[in-house]
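# Close look at the chain arrangement
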There are 2 protein chains.
Amino acid sequence: MGMTGMSYELDRDTTLTPRGEEGGRHLFDAEVSGGWSIGTAPNGGYLAALVGRAMGEALAMPDPFTVTVHFLRVAVPGPARIEIEIARRGRGHGTAVARLIQDGQEVLRALGTFGDLATVEGPTVVRVSPPPLPPPDACEAGRAGPTSVLPIAERVDMRMRPGAVTWTSGQKSDDAELAGWARFRDGRPTDALSLLFFADAFPPPVLNLEAASSPWVPTLELTIHVRARPAPGWVRAVFRTRALVGGYLEEDGEVFDETGALVAMSRQLARLRR
Amino acid sequence: MGMTGMSYELDRDTTLTPRGEEGGRHLFDAEVSGGWSIGTAPNGGYLAALVGRAMGEALAMPDPFTVTVHFLRVAVPGPARIEIEIARRGRGHGTAVARLIQDGQEVLRALGTFGDLATVEGPTVVRVSPPPLPPPDACEAGRAGPTSVLPIAERVDMRMRPGAVTWTSGQKSDDAELAGWARFRDGRPTDALSLLFFADAFPPPVLNLEAASSPWVPTLELTIHVRARPAPGWVRAVFRTRALVGGYLEEDGEVFDETGALVAMSRQLARLRR
């Protein structure tokens, strides 16, 4: 990635080795890292960034505009094969499908449309605001996730709104909303690709609810719209769940960059594990 | 669908003729109807219902849980081939990819996870409410879409909140939100599959904004979460756009059934045509 003698963790852990084409598919070898896990499961946003990078390379387009990932099996740290099929490559947008395969089994299927955010032109009217937050140093450090085994916390510096995370104290609340700051600990600048990661990096706000008795909330599907290239520093994000229906829930995210610009919106469908 | 001597328009216009399997793909012939068009373009929600039905049949699972469609080219009324590839069929969920092909060109690619909403069990906490609306007969009839050529309006009975649609009067507003009622004119009961249609049936609320100078807002990607099987009557829905950035916009929908139960949430990424 143009660096000499070093690389950032996310770039290293999304390194792709091209293996040519087969039946119209672009093949890549990759290594799923254990460094972005929650418990033993590699984080879904990390996997979205991994296959997102492969889709962008196969399409030769720099920015994800909209990426949807359906998670089929739990990934494991170790070798993986990524297969990219290009559905259409037009002038402004290109669309591709990605499969991530480990041990002969498909771990996820993704569908994404890419383009170049630097060329986007048109009117801007934004009615959504960054969540009110004290500065990062006045927030609560730590991801405060659903398990104490959090390799991801060593990679990402998260600062949550004081009092927002209620389940760690055993005090559930009625408010399935979490807001906070996040950035990479190793100084990697936030860019469009990394927004695929940040869109699933926060703990699930549904855990604040009394109804969430288990800390595990596996994602069935995650969709991220990247709306602009972010400034390189902190992201400032809010995630909320408004409807838990029969154990299934949406989680909506709004991600702003350090300057307060809206840079991504995300939605996932997840399920409370019983 | 078990009826003798008649069928509803949406069922007739999503009729699938199985053509066997080829290379692991389930093939279907279909006929894209011109009856659900806006201007000359078949509506995206209708196309989502068409490929959604094919995905459900190939998976042998009754209900869409989450379906994402990327629109690659404008569809045309006439023959189409649908190809379904099953990514995974588990006990509770199945995931499939759909392609819709016309004249040898791919019109859309979709990715969906299906299951059986009747078997869903778990806690329910819903913080989102149906949009306040007068009864259907006190609302404004008509889709009031972006063009006067609206075959879709002959199929769908829409009743908008009085005053909500501002662009037809030339009076733009600051409020990119539309709420209203909708149902099929031929009495077809609303079901889970038809929510894929209703999620894209309303006119784009962004047209209320001064910044929207063209009436055309093509969808790049549409994702629908079906959260419950609806009661058979009216749906009551609200759609809003909160962020128009460089001509790209999200449109979020919340769809309730006649009893006020949340039955679907949708989000699309679209673009103002210049």
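Residues numbered from 1 in each chain as written. Chains lettered and ligands numbered in written order. Predicted model: local features only at pLDDT ≥ 70, side-chain atom pairs only at ≥ 80, totals over all residues. Heavy atoms only, no water.

To continue, consider the overall build of chain A. Check the secondary structure of chain A and you find three helices and 17 strands. A compact globule built from 274 residues would reach a C-alpha radius of gyration of about 19 Å, and chain A, at 18 Å, matches this within 12%. With the C-alpha coordinates aligned to their principal axes, the bounding extent of chain A is approximately 55 × 45 × 40 Å. Long-range pairs, those at least 24 residues apart, make up 69% of the contacts in chain A between residues at least 6 apart in sequence. On chain A, roughly 10,100 Å² of surface is accessible, and the fraction owed to carbon and sulfur atoms is 48%. For chain A, the distance from the average position of its 29 positive side-chain charges to the average position of its 33 negative side-chain charges is 3 Å. (Helix = DSSP H or I, 4+ residues; strand = E, 2+ residues; numbered from the N terminus. Rg over C-alpha atoms; globule rule 2.2 N^0.38 Å. Contact = heavy atoms within 4.5 Å. Areas by Shrake-Rupley, 256 points an atom, 1.4 Å probe, with all protein chains shown as cover. Lys, Arg positive; Asp, Glu negative; His and termini not counted. Charge placed at Lys NZ, Arg CZ, Asp CG, Glu CD.)

All right, on to the environment of Phe28(A) then. All names here are of chain A. Relative to the helices and strands, Phe 28 resides in strand β2 (residues 25-32). Overall, the relative accessible area of 6% leaves Phe 28 in the buried class. Those residues in contact with Phe 28 that sit more than four places away from it in its chain are Leu 16, Thr 17, Pro 18, Arg 19, Ala 54, Glu 57, Ala 58, Ala 80, Arg 81, Ile 82 and Ile 84. (Buried < 20%, exposed > 50% of the residue type's maximum accessible area, 1.4 Å probe, protein only.)

Turning to the relation of the copies chain A and chain B, a few remarks are in order. Between chain A and chain B, the superposition needs a rotation of 180° and an axial shift of 0.0 Å, giving an RMSD of 0.0 Å. What the superposition gives is, in effect, a two-fold axis relating one chain to the other. Both copies contact each other with a shared surface, as 100% of the interface residues of chain A are interface residues in chain B too. (Least-squares fit on C-alpha atoms with pLDDT ≥ 70 in both.)

Turning our eyes to something else, we now look at the interface of chain A and chain B. On the chain B side, the residues contacting the 56 residues of chain A number 56 residues. In this assembly, chain A packs against chain B so that about 5,200 Å² is buried in total across both faces, 55% of it on carbon and sulfur atoms. Among the residues of chain A in contact with chain B, Arg227(A), Arg242(A) and Arg267(A) are the three that bury the most area, contributing 13% of the side total. At the junction of chain A and chain B, the tally comes to eight salt bridges. A salt bridge links Glu254(B) to Arg242(A), with the nearest nitrogen and oxygen atoms 2.9 Å apart. Across the chain A-chain B interface, the total number found is 34 residue pairs in polar contact (both at pLDDT 80 or more). (Buried area = accessible area lost by both parts, 1.4 Å probe. Salt bridge = Lys/Arg side-chain N within 4 Å of Asp/Glu carboxyl O. Polar contact = N/O pair within 3.5 Å; in protein donor to acceptor, adjacent residues only side chain to side chain.)

Bringing the environment of Gly247(B) into the picture now. Considering the arrangement of structural elements, one finds Gly247(B) in the loop between β15 (243-245) and β16 (248-257). Between the alpha carbons of Gly247(B) and Phe198(B) there is a distance of 24 Å; along the sequence they are 49 residues apart. Sequence-distant contacts of Gly247(B), defined by excluding residues within four places in its chain, comprise Gly122(A), Pro123(A), Ala270(B), Arg271(B) and Leu272(B).

Moving on to the side chain of Asp252(A). Checked against the element boundaries, Asp252(A) lands in strand β16 (residues 248-257). Reaching out from Asp252(A), the side chain makes a polar contact with the side chain of Arg267(A) at a distance of 2.7 Å. If sequence neighbours within four positions are ignored, Asp252(A) has contacts with Val238(A), Phe239(A), Arg240(A), Arg242(A), Ser266(A), Arg267(A) and Arg267(B).

Residues and elements named next belong to chain B. Buried residues dominate strand β5 (residues 63-71), accounting for nine of its nine residues. Pairing analysis gives eight bridges linking β5 to strand β8 (residues 105-115), with the strands arranged antiparallel. Bridged to Asp 63 within β8 is Gly 115. Where β5 meets strand β13 (residues 219-226), five bridges bridge the pair, whose relative direction is antiparallel. Within β13, the position partnered with Thr 68 by the bridge is Thr 223. (Pairing = 2+ DSSP bridges.)

It is worth spelling out the packing of aromatic side chains at this point. Going through the model one piece at a time under the given rule, you end up with 18 aromatic pairs over all chains. Their ring planes at 85° and their centres at 6.1 Å tell us that Trp36(A) and Phe184(A) sit as a pair that is edge-to-face. Linking Trp36(A) in the loop between β2 and β3 (37-38) with Phe184(A) in strand β12 (residues 177-184), this pair joins segments that are 148 residues apart in sequence. Comparing Trp36(A) with Phe184(A) shows no difference in burial state: the two are buried. By way of ring pairs, the aromatic residues Trp36(A), Tyr46(A), Phe184(A), Phe197(A) and Phe198(A) are connected into one cluster. Sitting over the ring of Trp36(B), Arg155(B) keeps its end group 5.0 Å from the ring centre. (Phe/Tyr/Trp six-rings, centres within 6.5 Å; stacked < 30°, edge-to-face > 60°. Lys NZ or Arg CZ within 6 Å of the ring centre and 35° of its normal.)

Now for the pattern of salt bridges. All names here are of chain A. Counted by the stated rule, this structure contains 52 salt bridges over all chains. Residues Asp 63 and Arg 229 are paired through a salt bridge, measuring 2.9 Å at the closest nitrogen-oxygen approach. Residue Asp 63 is located in strand β5 (residues 63-71), and its partner Arg 229 is located in the loop between β13 (219-226) and β14 (235-240); the two are separated by 166 residues in the primary sequence. On the basis of relative accessibility, which here comes to 3%, the residue Asp 63 falls in the buried class. Judged by relative accessible area, Arg 229 falls into the partly exposed class, the value being 43%.

Attention shifts here to the side chain of Glu251(B). Note on placement: Glu251(B) falls in strand β16. Classification of Glu251(B) by relative accessible area gives buried; the value is 6%.

Here helix α2 (residues 44-59) of chain A contains 16 residues, and its C-alpha end-to-end distance of 22 Å stays within 8% of the 22 Å for a straight helix at 1.5 Å per residue. For α2(A), the tally of buried residues reaches 15 of 16 residues, placing the bulk of the element in the interior. (Expected span 1.5 Å × (residues − 1).)

Residues and elements named next belong to chain B. Within the element layout of this structure, Ser 33 appears in the loop between β2 (25-32) and β3 (37-38). Other than its neighbours up to four places away in sequence, Ser 33 contacts Asp 13, Pro 42, Tyr 46, Pro 77 and Arg 155. Looking at Ser 33, its side chain comes within polar contact range of the side chain of Asp 13, at 3.3 Å.

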